[in-house]
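A look at the structure
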Amino acid sequence: MAKASPSFVCQNCGATYNRWQGKCESCGEWNTLVEEAGDSAVPVSIRAKRRGRPFKLESLAGKSVDAPRLPSGMAELDRVTGGGFVRGSVLLVGGDPGIGKSTLLTQATSLMARSGHRAVYISGEEAVAQVRLRAERLGLASAPVELAAETSVEDIIATLSEGATPRLIVIDSIQTMWTDTVESAPGTVTQVRASAQALIRFAKKSGAAIILVGHVTKDGQIAGPRVVEHMVDAVLSFEGEGSQQFRILRAVKNRFGPTDEIGVFEMTGLGLREVANPSELFLSERDLGSPGTAVFAGIEGTRPVLVELQALVAPTTLGTPRRAVVGWDSARLSMVLAVLEAHCGVKLSGYDVYFNVAGGLRINEPAADLAAAAALVSSLANSPLPTDAVYFGEISLSGAVRPVAQTAARLKEAAKLGFARAILPETARGDAPSDAGMALQTVGGLTSLVADIAARGTPRPAGRDSSSSEKNATPARFRRQEG
């Protein structure tokens, strides 16, 4: 029998090499190769050959049955998962350290246990006493949740196989699990992959829903091999800023539900509180009457969400102006700036641009183009936008404003929150409901919107250096005509 040969496995992508090297050729990361024990090099010719077993083939035609779901008791969590947990499904939840993953799952298991279902919480990072302290702080110490501090996958599966099958199992976290089938250290790519495969096999066989908690890398990606994300049924991302009390649960992958829904939570002293109307939360601290702020009527899945977009355009002292973006696609902002300069005469090449989505929400849809352009021009022209107006529309490279989907839902949400007018694409007027009760201002091209905002602007006061202030002054087309 041949001697087992070691292999070097990339801890970022899972690529395998015969010798160590500084850079992984698969993903391009440096110093990520770790030596792991390889399998026995047994020639294929002398391996025991097993004859294949024929299986039955099915046709496409047939009766389809919806997957039975078990509600978690948290409406926001059920919204993201598609209505609850599916029997035998495996979910992977990732997020930054301290964002609230353990708090969220402790609340979910407690609600499941109080509703009469068997819920098990297995921690590989904390002791049982630490989990109990968290439950006491959240007021959930009386919930009949079964706890354990264990990292051996074989021991976990043997314990869970006894008695009634648990309806919900939480593994916190998958990076701490290890199995006897491989010889690598816990946390390595091989151990994470083998442990996840064993737990997924148990879930499919027993019908229990399993939630795996995963660590994230410095760029926000779930740590470990990407193959684990392909193995599980759903991947949920728990997002939020440490300085903000808002938390966003977003579905990245979901085999049994939508991938564009979000759940909004607020971190309080008693744990995570569900936010039924996130628009009121995101707009609760608006700075009314300030230039550079616009309210965007967006859609997250099936839910309309109103959020404030903030822009600051300031003269630059650098050779290359800064472009800082938080909560929006930086490439999308560069496109909007190019359209403003090419078709609307807004010269932004000598200005730093800072753009922010208030509340910690991240916007992905192109319907925010019109609101972003309005906020940018408002800051440049020192022209406050109407406080009772919302904006939405996609901007094309020619400067035209294109229609977006679900216009009626956006307008109804804006009217419910007290907004009186909406600036929207010209072709979307027919989609607006007649009972919205809002004044609609349609925009066919971006030039007309820029001219309207600039006409209400006031020039900024001149600085100490007259030459520099003249160089960075507000463009003449944005100055109010006097006399």
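Note that the coordinates shown come from a computational prediction; the quantities given were computed from them, not determined experimentally.

By the definition in use, this model includes 2 aromatic pairs. On the numbers, 6.2 Å between centres and 75° between planes, the contact of Phe238 with Phe265 is edge-to-face. In this pair, Phe238 is assigned in strand β11 (residues 234–239) and Phe265 in strand β13 (residues 262–268), connecting sequence segments 27 residues apart. An identical accessibility class is assigned to Phe238 and Phe265; each is buried. Note on Trp328 and Phe355: the rings are 5.1 Å apart at their centroids and 35° apart in plane angle, and the pair reads as tilted.

Inspection of the entire model under this criterion finds 15 salt bridges. For Asp233, the salt bridge identified is with Arg255, shortest N-O distance 2.8 Å. Of this pair, Asp233 sits in the loop between α6 (227–231) and β11 while Arg255 sits in the loop between β12 (246–254) and β13, and the two are 22 residues apart along the sequence. On the basis of relative accessible area, Asp233 is assigned to the buried category, the value being 3%. For Asp388, the salt bridge is made with Arg421, and the minimal N-O distance between the two is 3.5 Å. Placement of the pair is Asp388 in the loop between α9 (369–381) and β19 (389–391) and Arg421 in strand β22 (residues 421–425), with a sequence separation of 33 residues.

Note: strands within a sheet are paired through backbone hydrogen bonds, in either parallel or antiparallel orientation. With respect to topology, 7 strands assemble into an open sheet ordered β17-β18-β16-β15-β19-β22-β23, the strand pairing being mixed. The sheet is open, and its two edges are formed by β17 (323–326) and β23 (439–443), each paired on a single side. Ignoring which end each strand starts from, the neighbouring axes of this sheet average 25° apart. Note: β19 against β22, 3 bridges, orientation parallel. Considered in β22, the bridge of Tyr391 is made with Ile423.

Moving on: α9. If you check α9, its first and last C-alpha atoms are 18 Å apart, about what 13 residues at 1.5 Å a residue would give, namely 18 Å. Among the 13 residues of α9, 13 are classified as buried, and the element is accordingly described as predominantly covered. One or two steps after α9, the chain reaches Asn382, where phi turns positive at roughly 55°.

Calculation criteria
- Residues numbered from 1 in each chain as written.
- Predicted model: local features only at pLDDT ≥ 70, side-chain atom pairs only at ≥ 80, totals over all residues.
- Heavy atoms only, no water.
- Phe/Tyr/Trp six-rings, centres within 6.5 Å; stacked < 30°, edge-to-face > 60°.
- Helix = DSSP H or I, 4+ residues; strand = E, 2+ residues; numbered from the N terminus.
- Buried < 20%, exposed > 50% of the residue type's maximum accessible area, 1.4 Å probe, protein only.
- Salt bridge = Lys/Arg side-chain N within 4 Å of Asp/Glu carboxyl O.
- Pairing = 2+ DSSP bridges.
- Axes fitted to C-alpha atoms, helices over the stretch in contact; angles between N-to-C directions.
- Expected span 1.5 Å × (residues − 1).

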